[in-house]
Amino acid sequence: MNSRLSNATIAKLPGAIAIPRYDRGAVTPGIVHLGVGAFHRAHQAAYVDACLADGGTDWGIVGVSLRSPDTRDALAPQDGLYTLAVRDSAGEKLQVVGSILSLLVAPEDPGAVLAALTDPRIRIVTLTITEKAYLRAADGALDEAHPDIVHDLANPGSPKTAHGFLAEALARRRAAGTPPFTVLCCDNLPANGATLHRLLVEFAKLRDARASAGDHPLAGYVADQVAFPSSMVDRIVPATTDADRSRIADELGLEDAWPVMTEPFRQWVVEDRFPAGRPAWEKFGVTMVEDVGPFEDMKLRLLNGAHSGIAYLGLLSGHATVDRAFADPAIRQFVDALWAEAIPTLPDDAGLDTTAYTAELAERFSNTALAHRTAQIANDGSQKLPQRIVASALECLEAGTELVHLTLVMAAWIAACAARGNTLPEGHFTDPLDAALTALLDQQLPANETVTAVFDLAGFAKDHAERQTLIELVAVHLVHLRREGPVLAFAALGIDSR
């Protein structure tokens, strides 16, 4: 049995493995990250690691898990160290990342999380908590009836949600005369900074309504004094397998309980609004801009939209990973056509090079070393499809342009959900609406009724003038998928999949 990766053992690593080029003992915290999962460790934490090596040693990260202790349990014995394995078809490069100084688990000790958030040294709070954790209702507003929101309003000193932690920490900082931190959302939400800002103001208003007469309203403070820059993040990060752990341990000569697999490509576009300061990210490839919107739309609609199409059609076609699905000529042809539909919905005056971007995406999707599971991408479709697919489809309808490929992605999601427990394993992927979705799909209603009910449930295209047209277009694909699966659906688009 190998020893465990840690501060005490890192000097034993082979010389070919990159290690932190700074004194970790001299690093102080400047960032709290909510949602310290694999993506954060492959993306933001790696960028911060480079900044620490450049001398910015006051930007260490305190990682917070809002739900599970798994990451803390894996990394705490390793002093927060972990291996980042950058893989492509040509091979693999290993790097030990040291930017995470400590890890907290919110359900175990919410007071410790609030203490970290109110530490005057913390100037930025970043988030990767996934779309569903922002607790939005079907109309995009805060879900005031969600049990965790109800809990946090009743128990502000022991919150469960990101909203509760941020609001209570900002209230305490204001009371102590400590300047507010900047809140940097790194999730795939449309206009993510502005969206989180709006949700937190809504939450603060609910808090204010319960406050004592002498308390100072929080909503106005959050609205006017706290910065919420938007950002766009991009890096493919497959789930780590036991085989990955074994291979990495052999390379290190040490055990690493949770290494992270990723691709060479990475991108981060950030609106440059940080009143309390920030790391010098631009030195290491981060694009600092005034408006992240066009970059965000390009990524959501071309990368994430294609990923969803590949995932659902791949699952229905028997492909377990993205590279295998993308190597299927029918799916590859479909993705090219999907991009052709989505590209006209992007702003044509933002200087976006969609030709180069889609060529790069094709290379990334073909990376055989990542083994990015289609089932992993398929999770949470009801939360992801509105910004990845539905928004583009509605814009096509408004403009009178073709959208048959975008609508097939929606139908494929419904068909893939229905296939679980039949042609796909039970629970092969999950969705926040699973209980209601399963009950609905078990009724085996006609396609048009099914799509209408699913749209009602998920809130797709709510109150939009073209909603019924969109439903009818999706239903046509669902009929094909129910009859002969992707073969007939592709054939109806002129794609030969036989």
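Because the structure is a prediction, the values reported are computed rather than measured.

**Student:** Hey, could you go over the overall build of the protein chain for me, with residue numbers and the actual values?
**Tutor:** Along the protein chain, the regular secondary structure elements total 20 helices and 11 strands. Taking 2.2 N^0.38 as the reference for a compact globule, 498 residues should give roughly 23 Å; the C-alpha atoms of the protein chain span a radius of gyration of 23 Å, in line with that estimate. Overall size of the protein chain, expressed as C-alpha extent along the three principal axes, is 65 × 60 × 45 Å. A total of 498 residues make up the protein chain; the buried ones form 55% of that total. Positive and negative side-chain charges of the protein chain, numbering 42 and 63 respectively, have mean locations separated by a distance of 5 Å.

**Student:** So what's going on with helix 6 (residues 162-176)? Which residues, and what values?
**Tutor:** A rise of 1.5 Å per residue sets the reference length of helix 6, with its 15 residues, at 21 Å; its end C-alpha atoms lie 21 Å apart and thus fit the reference within 8%. Across the 15 residues that make up helix 6, a large majority, 11, are buried. Buried within helix 6 we find Ala162, His163, Gly164, Phe165, Leu166, Ala167, Glu168, Ala169, Leu170, Ala171 and Arg173. Gly177 sits one or two residues past helix 6 and shows a positive phi near 80°.

**Student:** Run through the pattern of salt bridges, naming residues and quoting values.
**Tutor:** Under the criterion given, the structure shown has 24 salt bridges. Between Glu108 and Arg72 there is a salt bridge, and its shortest N-O distance comes to 2.9 Å. One end of the pair, Glu108, is in the loop between strand 5 (100-105) and helix 4 (110-118); the other, Arg72, is in helix 3 (residues 70-75), and 36 residues separate them in sequence. When the shortest N-O distance is used, the salt bridge between Glu263 and Arg364 registers 2.4 Å. Linking Glu263 in the loop between strand 9 (260-262) and strand 10 (267-271) with Arg364 in helix 13 (residues 354-365), this pair joins segments that are 101 residues apart in sequence. The residues Glu263 and Arg364 share a single accessibility class, namely buried.

**Student:** A description of the sheet that holds strand 10 should follow, citing residues and the corresponding values.
**Tutor:** Ordered in space as 8-10-11, the three strands form an open sheet in which the pairing is mixed. Whereas interior strands pair on both sides, the edge strands pair on one side only; in this sheet they are strand 8 (231-234) and strand 11 (287-289). For this sheet, the mean angle separating the axes of adjacent strands, direction not counted, is 15°. Of the pairings in the sheet, the one linking strand 8 to strand 10 comprises four bridges and is antiparallel in character. Its bridge partner lying in strand 10, Val233 is registered against Trp268.

**Student:** Which residues make up the sheet that holds strand 4 (residues 91-97), and what are the values?
**Tutor:** Pairing in this open sheet of three strands is mixed, and the strands run 4-3-9 from one edge to the other. Either end of the sheet is taken by a strand with one partner, and the two such strands are strand 4 and strand 9. The sheet shows a mean angle of 25° between the axes of neighbouring strands, taken without regard to direction. Its contacts with the sheet put helix 2 (residues 44-53) on strand 3 (82-88) and strand 4, and the angle it makes with strand 4 is roughly 65°.

**Student:** With reference to specific residues and values, describe unusual backbone geometry.
**Tutor:** Even without a glycine there, the phi angle at Thr130 is positive, about 75°. Here Thr130 lies in the loop between strand 6 (124-127) and helix 5 (147-154). Residue class for Thr130 comes out partly exposed when judged on its relative accessible area of 33%. Positive phi, close to 45°, is recorded for Ala191, a residue that is not glycine. Relative to the assigned elements, Ala191 resides in the loop between strand 7 (182-185) and helix 7 (192-210). Judged by its relative accessible area of 34%, Ala191 is partly exposed.

**Student:** Tell me what's going on with the nonpolar core, and back it up with residues and numbers.
**Tutor:** One finds Phe334, Trp413 and Leu470 to be the most contacted residues of the largest nonpolar core, which totals 70 residues. Ranked by residues supplied to this core, first place goes to helix 16 (residues 404-419) with 12 residues. Setting aside anything within four residues of it in sequence, one finds Leu470 in contact with Val390, Ala393, Leu394, Leu397, Leu403, Thr407, Met410, Phe455 and Ala461. In this structure, Ile122, Ile149, Phe165 and Leu196 belong to the second largest nonpolar core, which totals 43 residues.

**Student:** Tell me about the side chain of Ser99, and name the residues and values.
**Tutor:** With respect to the helices and strands, the residue Ser99 is situated in the loop between strand 4 and strand 5. At a separation of 2.7 Å, a polar atom in the side chain of Ser99 contacts the main-chain carbonyl oxygen of Ala45. Aside from chain neighbours lying at most four places away, what touches Ser99 is Tyr22, Ala45, Val48, Asp49, Leu52, Gly60 and Ile61.

**Student:** Now, about the environment of His163: what can you tell me, with residues and values included?
**Tutor:** With respect to the helices and strands, the residue His163 is situated in helix 6. Along the backbone, His163 and Phe203 are 40 residues apart, and their C-alpha atoms lie at a distance of 6.9 Å. Sequence-distant contacts of His163, that is, excluding residues within four places in its chain, are made with Ala133, Tyr134, Leu135, Leu142, Ile149, Leu199, Leu200 and Phe203.

**Student:** Which residues make up the packing of aromatic side chains, and what are the values?
**Tutor:** With the rule as written, the count across this model stands at nine aromatic pairs. Summarising the aromatic geometry, the rings of Phe334 and Phe490 are spaced 6.1 Å apart at their centres and angled 55° between planes, so their arrangement reads as tilted. Placement of Phe334 in helix 12 (residues 329-342) and of Phe490 in helix 20 (residues 486-492) is noted, with a sequence separation of 156 residues between them. Like Phe490, Phe334 is buried. Relative to Phe460, the ring of Phe455 has its centre 5.3 Å away and its plane inclined at 75°; by these criteria the two rings are edge-to-face. For the pair Phe455 and Phe460, one class covers both residues: buried. Ring-pair connections join several aromatic residues into one group, and the members of that group are Tyr47, Trp268, Phe274 and Trp281.

**Student:** Help me get a handle on the pairing of strand 7, residues and values and all.
**Tutor:** Every second residue of strand 7 is oriented toward a common face, with Thr182 and Leu184 on one face and Val183 and Cys185 on the other, all of them buried. Note that strand 6 and strand 7 share four bridges and pair parallel. Within strand 7, the residue paired with Val125 across the bridge is Val183.

**Student:** Talk me through helix 19 (residues 467-484); I want residue IDs and the actual numbers.
**Tutor:** Helix length check: helix 19, at 18 residues, gives a terminal C-alpha distance of 26 Å against a target of 26 Å (1.5 Å per residue), a fit within 8%. Residues of helix 19 that are buried include every one of Arg467, Leu470, Ile471, Val474, Ala475, His477, Leu478, His480 and Leu481, and no others. Buried residues along helix 19 sit against helix 10 (293-316), helix 15 (381-399), helix 16, helix 18 (447-458) and helix 20. One or two steps after helix 19, the chain reaches Gly485, where phi turns positive at roughly 70°.

Conventions and cut-offs
Residues numbered from 1 in each chain as written. Predicted model: local features only at pLDDT ≥ 70, side-chain atom pairs only at ≥ 80, totals over all residues. Heavy atoms only, no water. Helix = DSSP H or I, 4+ residues; strand = E, 2+ residues; numbered from the N terminus. Rg over C-alpha atoms; globule rule 2.2 N^0.38 Å. Buried < 20%, exposed > 50% of the residue type's maximum accessible area, 1.4 Å probe, protein only. Lys, Arg positive; Asp, Glu negative; His and termini not counted. Charge placed at Lys NZ, Arg CZ, Asp CG, Glu CD. Expected span 1.5 Å × (residues − 1). Salt bridge = Lys/Arg side-chain N within 4 Å of Asp/Glu carboxyl O. Pairing = 2+ DSSP bridges. Axes fitted to C-alpha atoms, helices over the stretch in contact; angles between N-to-C directions. Contact = heavy atoms within 4.5 Å. Core = buried A, V, L, I, M, F, W, Y, C linked by side-chain atoms within 4.5 Å. Polar contact = N/O pair within 3.5 Å; in protein donor to acceptor, adjacent residues only side chain to side chain. Phe/Tyr/Trp six-rings, centres within 6.5 Å; stacked < 30°, edge-to-face > 60°.

As far as function goes, none of this settles anything; it's purely spatial.
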